[in-house]
Amino acid sequence: MILQKLVQRPAIETSVKRTEDLRFLTGRGRYTDDINRPGQSFVYFLRSDVAHGRIQNIVTQEAAAMPGVLKIFTAEDLAAVGGIPCAWGITDRHGQPMQEPKHPILAERKVRHVGDPIAAVVAETYDQARDAAEAIEVDIEELPAVMDMQAALQNDAPKVHEELTSNLCYDWGFVEENKAAVEEAFAKAAHVTTLELVNNRLVANPMEPRVAIGEYEWSTDQYTLYTTSQNPHVIRLLMGAFVLSIPEHKLRVVAPDVGGGFGTKIFHYAEEAFVTFAAKALQRPVKWTSSRSEAFMSDAHGRDHKTTIQLALDADHNFTALRTDTYANMGAYLSTFASSIPTWLHGTLAVGNYKTPLAYVNVKAVFTNTVPVDAYRGAGRPEATYQLERLVDKAAIELGVDPVELRRKNFITEFPYQTPVAVAYDTGDFHATMDRALEMADRDGFEARAAEAAARGKLRGLGISHYIEACGIAPSHLVGQLGARAGLYESATVRVNATGGLVVMTGSHSHGQGHETTFAQVVADQIGIKVSDIDIVHGDTANSPMGMGTYGSRSLAVGGSAVVSAIQKIVTKAKLIAAHILESPDGEIALENGTFTLVGTNRTISWKDVCLAAYVPHNYPLDTLEPGLEETAFYDPTNFTFPSGAYICEVEIDPSTGVVDVVDFSAADDFGNVVNPMIVEGQVHGGIAQGIGQALMEECAYDENGQLVSGSYMDYTMPRADNLPRFKVDHSCATPCTHNPLGAKGCGEAGAIGSPAAVVNAVIDALRRGGHDIQHLDMPLTPQRVWAAMQTEAETYDVQL
């Protein structure tokens, strides 16, 4: 079988330089903001500066008369337009559907968060549109804002949406039938560890802010949207079918080069729908480019969970049960995948790598007067891993045992393994990744390093985290039962040219993952041709089959598998052509290194000659085959893939300032089969950097009135190169995925999933080694937070020094 050969060939594990980097590094990338259409106009959105209020009046006459203004739109102009849809419905633990309020393109009657768009000014230039927006008079009756999730559920709390019964979106329980057994296990436990913690709210901050350009051609009734999106086909489906009522064959969505997404560009946003609507209304293209400040209050935020998690253990320190209670912030509206993040992408990973026979997960999703919250790199998996790995470390402290040995004792060792939270892990070797991480980190030498740090007046700590992730969400029939309102397959069309080169059109989208290189490697390996003979095309609904895009570490495992399936169809047909030309239609044909061979003979024909015959069919089995060589495949996985790994972080703390320096970081990951090790390493580096940012620096903060107090880089700290050590990365402990043709598991989110707990565990370890009886601090561990915590133990600390 071709697929078996692909998995077994070591040659594919090659660090080929990224094809796309030539244009990126020479400034020849083509991003959405580089696109300007003939006759283009510009839109500026007037956004609310209050978190909650009733719109009494909008006066636009003066603004509308200003130079260059073409039209000012308010909600009344979009009365016939639908709201932005949520793509995943959740049924709560009582069997009731979630509360799902309308998410209008422009605020209708009320504003519900700072940044909520009230009016859209379209003008000849961006500056003219902005100036006119400043002249609009908006009378808003300010209402009390609800910011705290628990307070939002009180009976007397202000309602974010008055038409709802409360601010509770859903009260989800999983697995509900386990609940009584879990309670009994806790009642019988020899030891119970409890931890309350926060997964802090984050802003994704990709390098390229969002941009959208709408265009309409009246002669064909054809719409085009150019946008910074991770999944243009999904945007076309959601916007066309549910917002603007545009038939899909009349709507083209183009996502060219995209400068980073990290989840925040998965979703369908109001600005995309507006520019598409306005392009037809004005009969000219309309362009919007977000400023960085605007992005802080219009891009979906990430994380924002408050959790109480408990672990029950028996007298031999075996985990017997786990339960969690989480408040998950939805913000003011439901974003595209928001409802699924704290439920199916979080609860299903509750037990992590451990043999925990019982688990119960409760999630209360809450509306507040804040920016909507949705997927951010890892999406639910970092939240689950952080709470569990912090809990295991706290249990080790309470029991007085080695945190590594407590983990080892409870690791899953036999596969496949059915967890109590629905998912079944197909492969893994958690002991191997732990062993490799300990070796890389030189844990045996840590005590000497800690002593040397103490001599310099620093506190040194070592933290461990072990994660497992569910990637490539599937299969479609299952996720449909769980509430997904779209399929989760992937697609590819392979078009072979007469001269042997080929084009792969994929439904996946690359925004930093290196698809143009890795997908080409996969194709080249199967056929035996050069990577340079292959073009990978993506990001345009007009020339690629319907696909679900890129997120959730699904690119290679799902998108790459679709490519493999299409290539398999191509090779099957090409072998029939080769057999005919070699005058042995019933003979066995092998393809190796770009040459077809009639097995058992020395008769051969090249790949290029077979391709030419397909398009110049002078000697061709026309009675059984059509001319041409082009195939399409859709791949719907049978299960998730489950990457896993062990991360070890070392930190030093300056006790006089509370500053935490990450001085060493080791990551041992099991990604299954790897196509391009260099690209994988880069993905892990980026994820770890973002995880360290969450652990030590980043926090999206609101005040009690709903004002965003971290709305710029002056107030929101991003990690820089000098905040990070040189990472040690290894992915040699591979257990290939058993159910996709590549044996791949996914790598894009791993670094962000495993690193926050490792960093926080290291900080707690350093503080405790310094004599501070501190068992937990919430992220981000800023110098102020760490220093303040140390002052509560100042006397003990002085004695230790």
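The structure this text deals with has already been given above.
In what follows, the accompanying structure is described. Just so we're clear, the structure is a prediction, and the values are computed from it rather than from any experiment. (Residues numbered from 1 in each chain as written. Predicted model: local features only at pLDDT ≥ 70, side-chain atom pairs only at ≥ 80, totals over all residues. Heavy atoms only, no water.)

## Side note on the pattern of salt bridges
When their charged atoms lie close together, side chains carrying opposite charge are able to pair. Going by this rule: Definition used for salt bridges: Asp or Glu carboxyl oxygen within 4 Å of a side-chain nitrogen of Lys or Arg. Runs of E in the DSSP output that reach at least two residues are strands. Runs of H or I that reach at least four are helices, and both are numbered from the N terminus. Each residue is assigned to one of three classes by its accessible area relative to the maximum for its type, calculated with a 1.4 Å probe on protein chains only: buried under 20%, partly exposed between the two thresholds, exposed over 50%.
As enumerated under the stated definition, the model contains 51 salt bridges in all. For Arg 18, the salt bridge is made with Asp 21, and the minimal N-O distance between the two is 2.8 Å. Ionic pairing is found between Arg 54 and Glu 141, a salt bridge with its closest N-O pair at 3.4 Å. With Arg 54 in strand E2 (residues 53-59) and Glu 141 in strand E6 (residues 137-142), the pair connects residues that are 87 residues apart, well separated along the chain. Under the relative-accessibility criterion, Glu 141 is labelled partly exposed at 34%. One continuous salt-bridge network, built from bridges that share partners, spans Asp 442, Arg 449, Glu 452, Arg 456, Arg 460, Glu 650 and Glu 652.

## Regarding the side chain of Thr 32
Our working rule: Only heavy atoms enter the contact rule, under which two residues are in contact if any of them lie within 4.5 Å.
Within the fold, Thr 32 resides in the loop between helix H2 (21-25) and strand E1 (41-47). Judged by its relative accessible area of 0%, Thr 32 is buried. When sequence neighbours within four positions are dropped, the list of residues in contact with Thr 32 reads Glu 208, Val 211, Ile 213, Tyr 226, Thr 227, Thr 228, Pro 256, Asp 257 and Lys 287.

## Quick word on the packing of aromatic side chains
The condition that has to hold: Note on aromatic contacts: the rings of Phe and Tyr and the six-membered ring of Trp form a pair at centre separations within 6.5 Å, being stacked when their planes are under 30 degrees apart, edge-to-face when over 60 apart, and tilted otherwise. The criterion is that NZ of a Lys, or CZ of an Arg, lies within 6 Å of the ring centre and within 35 degrees of the ring normal, and then a charge sits over that ring.
Scanning all chains against the criterion turns up 26 aromatic pairs. Ring centres 5.1 Å apart and planes at 80 degrees place the aromatic pair Trp 172 and Trp 344 in the edge-to-face group. Residue Trp 172 is found in strand E7 (residues 168-174), and its partner Trp 344 is found in the loop between strand E14 (319-331) and strand E15 (358-367); the two are separated by 172 residues along the sequence. An identical accessibility class is assigned to Trp 172 and Trp 344; each is buried. Among the aromatic side chains, those forming a connected cluster through ring pairs are Phe 45, Phe 73, Phe 274, Phe 277 and Trp 288. In this structure, Arg 323 is placed above the aromatic ring of Phe 186, and the distance from its NZ or CZ to the ring centre is 3.9 Å. Over the face of the ring belonging to Tyr 551 we find Arg 554, whose NZ or CZ atom lies 5.2 Å from the ring centre.

## Focus on the pairing of strand E9 (residues 211-217)
Convention followed: Strand pairing is assigned whenever DSSP detects at least two bridges linking the two strands.
For E9, the tally of buried residues reaches six of seven residues, placing the bulk of the element in the interior. With four bridges connecting them, E9 and strand E12 (residues 286-289) associate as antiparallel partners. Residue pairing in the sheet places Gly 214 in a bridge with Val 286 of E12. Sheet topology places E9 next to strand E10 (residues 222-227); six bridges connect them, and they run antiparallel. Looking across to E10, one finds that Tyr 216 is bridged to Tyr 223. The hairpin turn running from E9 into E10, its antiparallel successor, is four residues long, and Asp 221 in that turn takes a positive phi close to 55 degrees.

## Overview of helix H6 (residues 179-188)
The condition is simple: Note that the arc is computed from the directions linking the helix axis to the C-beta atoms.
Among the residues of H6, Val 182, Ala 185 and Phe 186 are the ones counted as buried. Looking straight down H6, one finds its buried side chains confined to an arc of 100 degrees; they lie on one side. Exposed side of H6, more than 90 degrees from the buried face: Ala 180, Ala 187 and Lys 188 are the residues found there. Residues of H6 that are buried sit in contact with strand E8 (191-199), strand E13 (305-313), E14 and E15.

## Side note on the sheet that holds strand E28 (residues 728-730)
Formally: Axes, fitted as lines to C-alpha atoms, cover a helix only where it is in contact. Angles between the N-to-C directions of the axes lie from 0 to 180 degrees.
Reading across the sheet, the four strands line up as E18-E26-E27-E28 and stay open at both edges, with mixed pairing between neighbours. If you trace the sheet from one side to the other, it starts and ends with strand E18 (459-468) and E28, each paired once. Neighbouring strand axes in the sheet, compared pairwise and without regard to direction, differ in orientation by 10 degrees on average. Judged from the three bridges that link them, strand E27 (residues 660-670) and E28 form a sheet pairing that is parallel. Looking at the pairing, Ala 667 lines up with Val 729 of E28.

## Regarding the state of the cysteines
Quick note on the threshold: For this text, the term disulfide refers to a pair of cysteine sulfurs within 2.5 Å.
Tallying each qualifying case throughout the model produces zero disulfides. Here Cys 747 is not cross-linked by a disulfide; its sulfur's nearest cysteine counterpart is in Cys 471, at 8.7 Å.

## Observations concerning the nonpolar core
Condition: In plain words, nonpolar cores are sets of buried Ala, Val, Leu, Ile, Met, Phe, Trp, Tyr and Cys residues tied together by side-chain atoms within 4.5 Å.
Judged by nonpolar contacts, the single largest core of 128 residues is most densely connected at Trp 88, Leu 322, Tyr 425, Tyr 647, Ile 653, Phe 665 and Leu 696. Sorting elements by how many residues they give to this core places helix H19 (residues 750-769) first, with 11 residues. Leave out the neighbours within four places in its chain, and Leu 696 touches Val 660, Val 662, Val 759, Val 763, Pro 780, Leu 781 and Thr 782. Ranked by size, the runner-up nonpolar core spans 48 residues in total, among them Ile 12, Val 563, Val 564 and Leu 742.

## Considerations on the environment of Asp 393
Let me state the cut-off plainly: Definition of a polar contact: a pair of N or O atoms within 3.5 Å, with one able to donate and the other able to accept a hydrogen when the atoms are protein atoms, and with sequence-neighbouring residues admitted only if both atoms are side-chain atoms.
By the element assignment, Asp 393 lies in helix H10 (residues 381-399). Along the sequence, Asp 393 and Val 663 sit 270 residues apart, while their C-alpha atoms lie 21 Å from each other. Looking at Asp 393, its side chain comes within polar contact range of the side chain of Arg 407, at 2.9 Å.

## Focus on the packing of helix H15 (residues 515-527) against helix H16 (residues 555-581)
The following threshold applies: Handedness of a crossing follows from how the near helix is turned relative to the far one, being left-handed for an anticlockwise turn of less than a right angle and right-handed for a clockwise one. In this classification, the charged set is Asp, Glu, Lys and Arg, the nonpolar set is Ala, Val, Leu, Ile, Met, Phe, Trp, Tyr, Cys and Pro, and all remaining amino acids, among them Gly, are polar.
Two numbers describe how H15 lies on H16: the axes approach to 10 Å, and their chain directions differ by 35 degrees. As for the relative orientation of H15 and H16, their crossing is right-handed in sense. Here His 515, Phe 519, Val 522, Val 523, Gln 526 and Ile 527 of H15 come into contact with H16, specifically with Ser 555, Leu 556, Gly 559, Gly 560, Val 563, Val 564 and Ile 567. Class assignment for the residues of the contact of H15 with H16 results in eight nonpolar, five polar and no charged.

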